[in-house]
2 protein chains.
Amino acid sequence: MTQTVSSAMVDWIAVDWQADRIAAVALGAKGIVGRRETREVASAGPQSHEAALLALIGDWLRPGGTTPVLACGALGARDGWIETPFRKVPVALDPAADLVAAPASDPRIQVWVVPGLSQERPAEVMRGEETRIAGFLAGNPDFDGVLCLAGITTKWVHVSAREVVSFRTAMTGELFACLSSHAALLRDPERAGRDDGAFAEAVGQTLSRPERLASELFSIRAEGLLRGIAPATARARLSGLLIGAELAAMRPYWLGQQVAVIGTGDILDAYVRGLAEVGIVAETADGASMALAGLAAIRAGMRTGTA
Amino acid sequence: MTQTVSSAMVDWIAVDWQADRIAAVALGAKGIVGRRETREVASAGPQSHEAALLALIGDWLRPGGTTPVLACGALGARDGWIETPFRKVPVALDPAADLVAAPASDPRIQVWVVPGLSQERPAEVMRGEETRIAGFLAGNPDFDGVLCLAGITTKWVHVSAREVVSFRTAMTGELFACLSSHAALLRDPERAGRDDGAFAEAVGQTLSRPERLASELFSIRAEGLLRGIAPATARARLSGLLIGAELAAMRPYWLGQQVAVIGTGDILDAYVRGLAEVGIVAETADGASMALAGLAAIRAGMRTGTA
């Protein structure tokens, strides 16, 4: 998306920096004045990151002025723009705390990076999800329960009294991507419809017998060869087996809890349907919207707070 | 490897055709007279497969004569040289049964393909492993127990009274490859030593609680970031978690059984050490040697039998 945005309208810029894309939103007095996204992410190091950001938002900047840029995610990683120290859980979601200034050579920007969260045992880290959590809590300040941040990796986060108490990561999305393409489990991973029955059945298999994941995966390929099962069924089985195994692993998180799933598209949908199989009606929220809401809450905290 | 082999010395050629390599052995009156291997495997279709084979063994062939070529593996798949029908288990390991002639335009070769095995429920297929099994049984005719054919996919095969009774496939090797490189769980997947203690501990975790696989994998990355664990430890943990989950899935195969592992290198080693954690001292046999032994047994059956 490219719009004509007068730089005079831009008060600040919110940036959600993910491993494979950068999403930027320009905000003015009346709210959002522009949105852009790029897949041209940076290689390692501050200069490459600054160049990638300027390529995306350069024409939004006031010549002679300084526009604040507030960013979360991968730019705070070790090979990012500047490595930000993790805040350790349990931690209060004081979103404007511990912001880190990223060094920029272009005087038109002042870049602040939201630090990620870490957990000692079991060892866990997140970068970017903490901002989505802050966004969700900005709209649901009394939420007490579990947030499932669904993505290529998925975080299960226990939130209580505006604190992140603990969290755990599953690599289900990575496994799905690996198995469907690299390991050729799905002949046609992109083009496939739905088979909700096969999905539900597969969730049940690995939820009740998680050890079956290792032996059931190959059956998808074998059934394709022997019985020619439909691509949609194969895809639903793969997704269901993986989600079922994840739900078995994350039982201490969702059991008896209020659960909200934050994400988008097919991945969000798979978690909502998987949770329905264990009797949980989950709230949902859009991931990009929660990131923006979180950055806006942090920006508001910066104006009134000490950051 | 390239040797000078006089085509006059070659009685027949044994070919082990895998997804990523073709291994050929020339056999004469006194046994092996030449060995070659290539990574230049064919694309789909008979012509491409014949060209790949001739590139590898063309100079072993007698001009004006016809050399028998006996082959197992991927050339019998749907997109191979000729699709061979599966033999359904339970099935007697009569290795020369149901050989399929592959059409060749070069009159110097007569190519026979060993058919794979299939199982109705749970759906399973193998192509190539049946020949290794035949090779193992040629040397161990009274074996009654379980063969673990370790590889990028691993087959657990129940053998009794010279029959393949049932089998099951695990995709542990595929998962290891996906997670270590694509998903960047291991910073340096190639260069890593051993950490047998970490391996054993990880096997125990997923063997007793297989659902933990989904939640423990990401901890390898998080521990690397937070505590800088050694690459050898990270690799051992990933391997151990996956092998433990596979052993949990395959418990009905190994529990109370005599087990032999057929494979090579690190993968063979990981299964042997994993089985040791459940108290099983496994026999071992080399995969390539068993393939050759199997093809030789089939060749002997062809001379005396009806194929």
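Residue indices follow the written sequence of each chain, beginning from 1 at its first position. Labels follow written order: the first chain is A, the first ligand is 1, and so on. A pLDDT threshold of at least 70 governs which residues receive local features in this predicted model, and a stricter bar of 80 or more applies before side-chain atom pairs are shown or counted, although totals over entire chains, interfaces and linings include all residues. To get the side-chain values, take all heavy atoms of the structure and skip hydrogens and water.

Per an unreviewed UniProt entry, chain A is named 2-dehydro-3-deoxygalactonokinase, and its organism is Albidovulum marisflavi.

Chemist: Where do I start with the overall build of chain A in this structure?
Modeler: Strands here mean DSSP runs of E at least two residues long; helices mean DSSP runs of H or I at least four residues long; both are numbered from the N terminus. Along the backbone of chain A there are 9 helices and 15 strands. For 307 residues, the compact-globule formula gives about 19 Å, and the C-alpha radius of gyration of chain A, at 21 Å, lands near that figure. Counting only C-alpha atoms and orienting by the principal axes, one finds that chain A spans roughly 70 × 40 × 35 Å. Within chain A, residue pairs in contact and separated by at least 24 positions form 65% of the contacts whose partners lie at least 6 positions apart. Summed over its atoms, the accessible surface of chain A is roughly 12600 Å², and 52% of this surface lies on carbon and sulfur atoms. Charge counting treats Lys and Arg as positive and Asp and Glu as negative, with His and both chain ends excluded. A charged residue contributes its charge at one atom only: NZ of Lys, CZ of Arg, CG of Asp or CD of Glu. Here chain A contributes 29 positive and 34 negative side-chain charges, whose respective centroids are spaced 1 Å apart. Each radius of gyration is computed over the set of C-alpha atoms, and the globule rule expresses the reference value as 2.2 Å times the number of residues to the power 0.38. Only heavy atoms matter for contacts: two residues are in contact if any of them lie within 4.5 Å across the pair. The protein chains shown are the only cover counted for residues, whose accessible areas, like all others here, come from Shrake-Rupley with a 1.4 Å probe.

Chemist: For this particular structure, what's the right way to read the pairing of strand β15 (residues 283-286) of chain B?
Modeler: Note on strand geometry: in a regular strand, side chains alternate between the two faces of the sheet. All names here are of chain B. Across 4 bridges, the pairing between strand β14 (residues 259-263) and β15 is parallel. When the sheet's bridge partners are listed, Ala260 is paired in β15 with Glu283. A clockwise course of the path from the first strand over the helix to the second, judged with the strands pointing away from the viewer, identifies a crossover as right-handed. Since β14 and β15 lie parallel, the crossover through helix α8 (residues 265-277) that links them has a hand, and here it is right-handed. When DSSP finds two or more bridges between a pair of strands, those strands are recorded as paired.

Chemist: Explain the pattern of salt bridges to me, please; I cannot follow it from the model alone.
Modeler: A side chain with one charge can pair with a side chain of the opposite charge if their charged atoms come near. Residues and elements named next belong to chain B. A side-chain nitrogen of Lys or Arg and a carboxyl oxygen of Asp or Glu constitute a salt bridge if their distance falls within 4 Å. In this structure the tally under the stated criterion is 42 salt bridges over all chains. With a shortest N-O distance of 2.8 Å, Arg168 and Glu124 are connected by a salt bridge. Separated by 44 residues along the polypeptide, Arg168 in strand β13 (residues 163-170) and Glu124 in strand β10 (residues 124-126) bring together distant segments of the chain. Accessibility assignment for this pair places Arg168 and Glu124 in one class, buried. Here the term buried applies to any residue with accessible area under 20% of the maximum for its type, exposed to any over 50%, and partly exposed to those in between, with areas from a 1.4 Å probe on protein chains only.

Chemist: Whenever I open this one, the packing of aromatic side chains confuses me. Can you help?
Modeler: Two aromatic rings, taken as a pair, are described by how far apart their centres are and by the angle between their planes. Centres within 6.5 Å make a pair out of two Phe, Tyr or Trp rings, where for Trp the six-membered ring is used; the pair is then stacked when the planes are under 30 degrees apart, edge-to-face when over 60, and tilted otherwise. Under the definition given, this model contains 6 aromatic pairs over all chains. Only Lys NZ and Arg CZ are tested; either one counts as a charge over a ring when it is within 6 Å of the ring centre and within 35 degrees of the ring normal. A cation over an aromatic ring shows up here: B:Arg127 above the ring of B:Phe86, its NZ or CZ 4.1 Å from the ring centre.

Chemist: Explanation requested: the relation of the copies chain B and chain A in the structure shown.
Modeler: Both copies of the chain are placed relative to one another by a rotation about an axis and a shift along it. In the superposition of chain B on chain A (RMSD 0.0 Å, axial shift 0.0 Å), the rotation amounts to 180°. Here the two chains are linked by the operation of a two-fold rotation axis. A symmetric contact is evident, with 100% of the interface residues of chain B recurring at the interface of chain A. Here the copies are matched by least squares. The fit uses the C-alpha atoms of residues with pLDDT of at least 70 in both.

Chemist: How should the sheet that holds strand β12 (residues 154-160) of chain B be read in this particular structure?
Modeler: Strand pairs in the sheet, formed through backbone hydrogen bonds, run parallel or antiparallel to each other. Residues and elements named next belong to chain B. Spatially, 6 strands are ordered β6-β13-β12-β11-β14-β15 in an open sheet, and the strand pairing comes out mixed. With partners counted over all chains shown, the strands left at the sheet margins are β6 (91-92) and β15, one partner each. Of the pairings in the sheet, the one linking strand β11 (residues 145-149) to β12 comprises 5 bridges and is antiparallel in character. Bridging from a neighbouring strand, Gly145 pairs with Val159 of β12.

Chemist: What is the right way to look at the sheet that holds strand β15 (residues 283-286) of chain A in this model?
Modeler: Residue and element names in this part refer to chain A. Spatially, the 6 strands line up as an open sheet ordered β6-β13-β12-β11-β14-β15, and their pairing is mixed. This sheet does not close on itself; its edge strands, each paired only once, are β6 (91-92) and β15. Direction of pairing for β6 relative to strand β13 (residues 163-170): antiparallel, over a ladder of 2 bridges. Following the sheet pairing, Val91 is matched in β13 by Val164. Axis definition: a line fitted to C-alpha atoms, over the contacting stretch in the case of helices. Angles run 0 to 180 degrees between N-to-C directions. Helix α8 (residues 265-277) contacts β11 (145-149), β12 (154-160), β14 (259-263) and β15 of the sheet and is inclined by roughly 160° relative to β14.

Chemist: What's the story with the packing of helix α5 (residues 212-227) of chain B against helix α6 (residues 231-249) of chain B in this structure? I'm lost.
Modeler: How two helices pack is summed up by the angle between their axes together with the distance between the axes. Residue and element names in this part refer to chain B. Relative orientation of the contacting elements α5 and α6 amounts to 175°, with a least axis distance of 10 Å. Classified by the interaxial angle, the pair formed by α5 and α6 is roughly antiparallel. Of α6, the residues touching α5 (which contributes Leu213, Glu216, Leu217, Ser219, Ile220 and Glu223) are Ala234, Arg237, Leu238, Leu241, Leu242 and Ala245. Taken together, the residues that form the contact of α5 with α6 break down as 8 nonpolar, 1 polar and 3 charged. When describing relative orientation, an angle under 35 degrees is termed roughly parallel and one over 145 degrees roughly antiparallel, while 65 to 115 degrees is termed roughly perpendicular and anything else oblique. The classification used treats Ala, Val, Leu, Ile, Met, Phe, Trp, Tyr, Cys and Pro as nonpolar, Asp, Glu, Lys and Arg as charged, and all other residues, Gly among them, as polar.

Chemist: Would you take a moment to explain α8(A) for this structure?
Modeler: An α-helix turns once every 3.6 residues. As a result, residues three or four positions apart point the same way. One less than the number of residues in a helix, times 1.5 Å, gives the span that helix is expected to have. Given a rise of 1.5 Å per residue, 13 residues ought to cover 18 Å, and the 19 Å separating the end C-alpha atoms of α8(A) matches this to within 8%. Just downstream of α8(A), A:Gly279 is the residue with a positive phi angle, here 85°.

Chemist: I keep staring at unusual backbone geometry and nothing clicks. Help me out?
Modeler: A:Arg121 connects to A:Pro122 through a cis peptide bond whose omega is -10°. You can see A:Pro122 is positioned in the loop between β9 (117-119) and β10 (124-126). Residues B:Val89 and B:Pro90 are joined by a peptide bond in cis, for which omega reads -5°. Although it is not a glycine, A:Ala161 sits at a positive phi angle of roughly 50°.

Chemist: It is not clear to me how the interface of chain B and chain A should be interpreted in this structure. Could you clarify?
Modeler: Where the parts come together, the accessible area they lose is often given as the size of the interface. Each partner contributes to the interface: chain B provides 44 residues, whereas chain A provides 44 residues. Buried area: the accessible area, evaluated with a 1.4 Å probe, that two parts lose upon being put together, summed over both parts. Of all residues in chain B, B:Met171, B:Phe218 and B:Leu226 give up the largest surface area on contact with chain A, accounting jointly for 17% of the area buried on that side. Counting across the chain B and chain A interface gives 6 salt bridges. With a closest N to O distance of 2.9 Å, B:Arg168 and A:Glu216 form a salt bridge. What qualifies as a polar contact is a pair of N or O atoms within 3.5 Å, subject to a donor-acceptor requirement within protein and to the restriction that residues adjacent in sequence count only when both atoms come from side chains. Inspection of the chain B/chain A interface yields 14 residue pairs in polar contact (both at pLDDT 80 or more). Where the side of chain B that touches chain A is concerned, the elements lending two or more residues are β9 (117-119), β10, β13, α3 (172-182), α5 and α6 of chain B. Sorting elements by how many residues they give to the side of chain B that touches chain A places α5(B) first, with 13 residues. Within the side of chain B that touches chain A, the residues separate by chemical class into 24 nonpolar, 7 polar and 13 charged.

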